[in-house]
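Spelled out from the first residue to the last, the chains are:
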Amino acid sequence: METKTRAVVLRMVKYGESKLVVDMFTEEHGRVAFMVSASNSHKGRNKRRLFQPLSLLYIRYDHRLKPGLQTLREASLAYPLSDLPTHPHKLPIAFFLSEFLCHATRDEQQNLPLFHFIAESVTWLDGAREGFANFHVVFMTRLTAFLGFMPNTEDYRPGYVFDLREGAFRGHVPLHPEFLPVDESAFLSVLLRLRYENMARLALSRQQRNRCTEALLTYYKLHVPDFPDLKSFSVLREITSGLG
């Protein structure tokens with residue numbers, strides 16, 4: 001069945017001399033992997049540029065119910081990213097989030113609120129001129145709501161700890177080691193209330209921002225099957241200092 005839909009590019013891997021395997025999160029069918037022909041010619045190189053991390057595309061393909069790679073028939077930009085592909089601080093965030101989403105949405109079927117959240121987040125980051133240093137942290141916390149394991153901030157009380165395994169604030173320390181101490185739990189309760197528009201009000205050092213990211217990655221590992229260590233985090237943790 002021919003399908004036309006919007007999609008967010010998550011990963012591109014070269015396959016042989018003239019093909020690519022491209023993972024996308026689509027508006028119509030959720031996660032879909034495509035086989036794409038892209039030679040080393042000038043036209044082929046231009047085609048590859050469409051599939052950079054977090055590119056927003058219109059695509060056309062023949063959707064088949066059987067598992068495996070789908071064949072992409074056509075692709076074009078749905079929203080030309082002006083700043084994200086070249087900005088020295090935004091680009092590492094894009095690489096991190098594309099790898100993060102590749103694993104966090106691995107088994108997602110059609111999920112329109114999730115797709116719209118991702119697409120709107122990408123366009124917000126692309127257009128931001130300042131105040132985006134906390135973007136990936138706020139993105140990760142807000143994404144939990146769309147994946148079904150967002151903590152309930154109403155349960156938080158001063159002095160509580162956050163049980164990473166149970167995804168809940170507790171008035172006592174759990175019997176297992178997967179929890180955040182009191183100060184970090186208080187910090188998380190604040191993060192869960194932030195939006196992109198007000199996140200710059202929370203001043204974080206690079207060390208604090210990286211610690212928040214580490215804690216959230218641990219949370220995802222506990223709630224998303226086979227969630228791995230992310231290679232791109234080592235780059236991201238070095239560039240998030242001094243951003244507005």
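Residues numbered from 1 in each chain as written. Predicted model: local features only at pLDDT ≥ 70, side-chain atom pairs only at ≥ 80, totals over all residues. Heavy atoms only, no water.

Engineer: For the overall build of the chain, give the residues involved together with the corresponding values.
Structural biologist: Counting its secondary structure elements, the chain contains seven helices and eight strands. Since a compact globule built from 244 residues should have a radius of gyration of about 18 Å, the 19 Å found for the chain is in line with a globular shape. Along the first, second and third principal axes, the C-alpha atoms of the chain reach 60 × 40 × 30 Å. Looking at the chain residue by residue over its 244 residues, the buried ones come to 50%. Counting contacts in the chain only where the partners sit at least 6 residues apart, residues at least 24 apart contribute 61% of the total. Roughly 12300 Å² of accessible area belongs to the chain as shown, and the carbon and sulfur atoms make up 52% of that amount. (Helix = DSSP H or I, 4+ residues; strand = E, 2+ residues; numbered from the N terminus. Rg over C-alpha atoms; globule rule 2.2 N^0.38 Å. Buried < 20%, exposed > 50% of the residue type's maximum accessible area, 1.4 Å probe, protein only. Contact = heavy atoms within 4.5 Å. Areas by Shrake-Rupley, 256 points an atom, 1.4 Å probe, with all protein chains shown as cover.)

Engineer: Break down the pattern of salt bridges for me, with residues and values.
Structural biologist: With the rule as written, the count across this model stands at 13 salt bridges. Ionic pairing is found between Arg-73 and Asp-62, a salt bridge with its closest N-O pair at 3.1 Å. Separated by 11 residues along the polypeptide, Arg-73 in strand 5 (residues 70–79) and Asp-62 in strand 4 (residues 56–62) bring together distant segments of the chain. For Asp-62, a relative accessible area of 24% corresponds to the partly exposed category. (Salt bridge = Lys/Arg side-chain N within 4 Å of Asp/Glu carboxyl O.)

Engineer: Before we move on, can you summarise the nonpolar core with the specific residues and values?
Structural biologist: Phe-100, Ile-118, Phe-135, Phe-139, Leu-143 and Tyr-220 are the most contacted members of the largest nonpolar core, which has 57 residues in total. For this core, the secondary structure elements donating two or more residues are strand 1 (2–15), helix 2 (90–104), helix 3 (112–127), helix 4 (135–147), helix 5 (182–191), helix 6 (206–223) and helix 7 (233–239). Examining the composition of this core, we find that eight residues originate from one element, helix 2, more than from any other. In terms of nonpolar packing, the next biggest core, distinct from the first, is built from 15 residues, Met-24, Val-32, Ala-38 and Phe-51 among them. (Core = buried A, V, L, I, M, F, W, Y, C linked by side-chain atoms within 4.5 Å.)

Engineer: Report on the confidence of the model for the chain, specifying residues and quantitative values.
Structural biologist: Interpreting fine coordinate detail is not advised for predicted regions of low pLDDT. Per-residue confidence for the chain averages 91 on the pLDDT scale, and 96% of its residues sit at or above 70. Of all the helices and strands in the chain, helix 1 (residues 42–49) carries the lowest mean pLDDT, 72, while helix 3 carries the highest, 98. (pLDDT = per-residue confidence, 0-100.)

Engineer: Break down unusual backbone geometry for me, with residues and values.
Structural biologist: Of note, Leu-54 is a non-glycine position whose phi angle comes to about 70°, a positive value. On the secondary structure map, Leu-54 appears in the loop between helix 1 and strand 4. Taking the relative accessible area as the measure of exposure, Leu-54 reaches 2% and is therefore buried. For Asp-226, which is not a glycine, the phi torsion comes out positive at approximately 60°.

Engineer: Give me the environment of Lys-231: which residues, what numbers.
Structural biologist: For Lys-231, the position within the fold is in the loop between helix 6 and helix 7. Given the relative accessible area of 73%, Lys-231 is considered exposed. In this structure the C-alpha to C-alpha distance between Lys-231 and Phe-96, which are 135 residues apart in sequence, comes to 8.2 Å.

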